[in-house]
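# Structure assessment
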Amino acid sequence: MIILAHPNHPNCIDIVSLVDFAFQPIVNIHTGVCYGYEALLRQYESAGFRSIQEFFDQAFEQHVLHQVDLALRRKAIEKFSKLSWKIEVKLFYNLDNRILASKDYETGNTAKLLEEFCFAKDALCFEISERHKLQDELNSFKTLNSYQSQGFKIAIDDFGTGFSGLQVFYYTEPDIVKIDRFFIQGAPTD
């Protein structure tokens, strides 16, 4: 059970039980074939949060971000594992880069989850956001490179905005780069 105290909820609540995931397709624009699905957190409002970011900021401030992320990761992988076509696509999971510098961060949890739900490591792609500056850059890059060496895929989400930009691109050598919509929204006419 993951508990967060929240001003809108005087009693502590199990946040993870209230939120859910929706899966947004990621399609190859050349073939029209679905390459994967991004796990998007939903129903955070029912837990009393105005935004997904507020939800993660609260967990970070209460020093439970890593535990919350692991519980959410379990929930997303478990839900995705029930889909009949799961072996044909990848699951993209947003990773709040602040957990890489968490004091309680430990490796091996995701591999255990994937084994439990019969997933290959290369079926999971961690999406790294540039929303927050990497706290401990050297160790964060080592962790991301370790993920890749274990077979996990790495994507940079919303590339071109945020803090790290080309530095994250250089040090992580991502498998996938998702360019921020700002740069492509006018592509057909510009």
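One can find the structure itself at the top, above this paragraph.
Quick caveat, the model's predicted, so the values are computed rather than measured.

Time to look at the nonpolar core. Grouped together as the largest cluster of nonpolar side chains are 40 residues, with contacts concentrated most on Phe21, Phe55, Leu72, Leu95, Phe126 and Tyr147. A total of six residues in this core trace back to one element, the largest contributor, which is helix α3 (residues 65-81). Setting aside residues no more than four positions away along its own chain, Phe126 makes contact with Arg73, Tyr93, Leu95, Thr110, Tyr147, Phe152, Lys153, Ile154 and Ala155. Listed in part, the five residues of the second largest apolar core include Ile26, Cys125, Ala155 and Ile176.

Taken together, the side chains of Leu166, Phe169, Val177, Ile179, Phe182, Phe183 and Ile184 make up a nonpolar region of the molecular surface, amounting to roughly 690 Å² of accessible area. Among the elements of the structure, α6 (166-172), β8 (176-179) and α7 (181-184) are those that each provide at least two residues to the nonpolar patch. When residues in the nonpolar patch are grouped by element, the largest group, three residues, is from α7. Overall, Ile184 belongs to the partly exposed group, its relative accessible area being 46%.

What the rule picks out here adds up to nine salt bridges. Across the pair Asp96 and Arg98 runs a salt bridge, and its minimum N-O distance is 2.8 Å. For Arg98, a relative accessible area of 5% puts it in the buried group. Across the pair Lys178 and Asp157 runs a salt bridge whose closest N-O atoms are separated by 4.0 Å. On the criterion of sequence distance, the pair formed by Lys178 in strand β8 and Asp157 in strand β7 (residues 153-159) is long-range, its members being 21 residues apart. One connected set of salt bridges, linked through shared partners, spans Glu38, Glu127, Asp157 and Lys178.

Further remarks concern the packing of aromatic side chains. Aromatic ring pairs are described here by two measures, namely the spacing of the ring centres and the angle between the planes. What the rule picks out here adds up to 12 aromatic pairs. Centre to centre, the rings of Phe80 and Trp85 are 6.1 Å apart; their planes meet at 80 degrees, and the pair counts as edge-to-face. Here the aromatic residues Phe23, Tyr37, Phe80, Trp85 and Phe119 are joined through ring pairs into a cluster of three or more. When the ring centre of Phe60 is taken as origin, the NZ or CZ atom of Arg98, which lies over that ring, is 4.5 Å away.

Another aspect to go through is α3. A rise of 1.5 Å per residue sets the reference length of α3, with its 17 residues, at 24 Å; its end C-alpha atoms lie 24 Å apart and thus fit the reference within 8%. Along α3, the residues classified as buried are Leu65, His66, Val68, Asp69, Leu70, Leu72, Arg73, Ala76, Ile77, Phe80 and Ser81.

Tracing the chain through its elements places Lys90 in strand β5 (residues 90-95). Of the buried charged residues, Lys90 lacks a salt bridge, with Asp122 as the closest side chain of opposite charge at 4.7 Å. Within polar-contact distance, the side chain of Lys90 engages the backbone oxygen of Asp122 at 2.9 Å.

About the thresholds
- Residues numbered from 1 in each chain as written.
- Predicted model: local features only at pLDDT ≥ 70, side-chain atom pairs only at ≥ 80, totals over all residues.
- Heavy atoms only, no water.
- Core = buried A, V, L, I, M, F, W, Y, C linked by side-chain atoms within 4.5 Å.
- Buried < 20%, exposed > 50% of the residue type's maximum accessible area, 1.4 Å probe, protein only.
- Helix = DSSP H or I, 4+ residues; strand = E, 2+ residues; numbered from the N terminus.
- Contact = heavy atoms within 4.5 Å.
- Patch = residues over 30% accessible without salt bridge, like charges linked within 9 Å, V, L, I, M, F, W, Y side chains within 5 Å.
- Areas by Shrake-Rupley, 256 points an atom, 1.4 Å probe, with all protein chains shown as cover.
- Salt bridge = Lys/Arg side-chain N within 4 Å of Asp/Glu carboxyl O.
- Phe/Tyr/Trp six-rings, centres within 6.5 Å; stacked < 30°, edge-to-face > 60°.
- Lys NZ or Arg CZ within 6 Å of the ring centre and 35° of its normal.
- Expected span 1.5 Å × (residues − 1).
- Lys, Arg positive; Asp, Glu negative; His and termini not counted.
- Polar contact = N/O pair within 3.5 Å; in protein donor to acceptor, adjacent residues only side chain to side chain.

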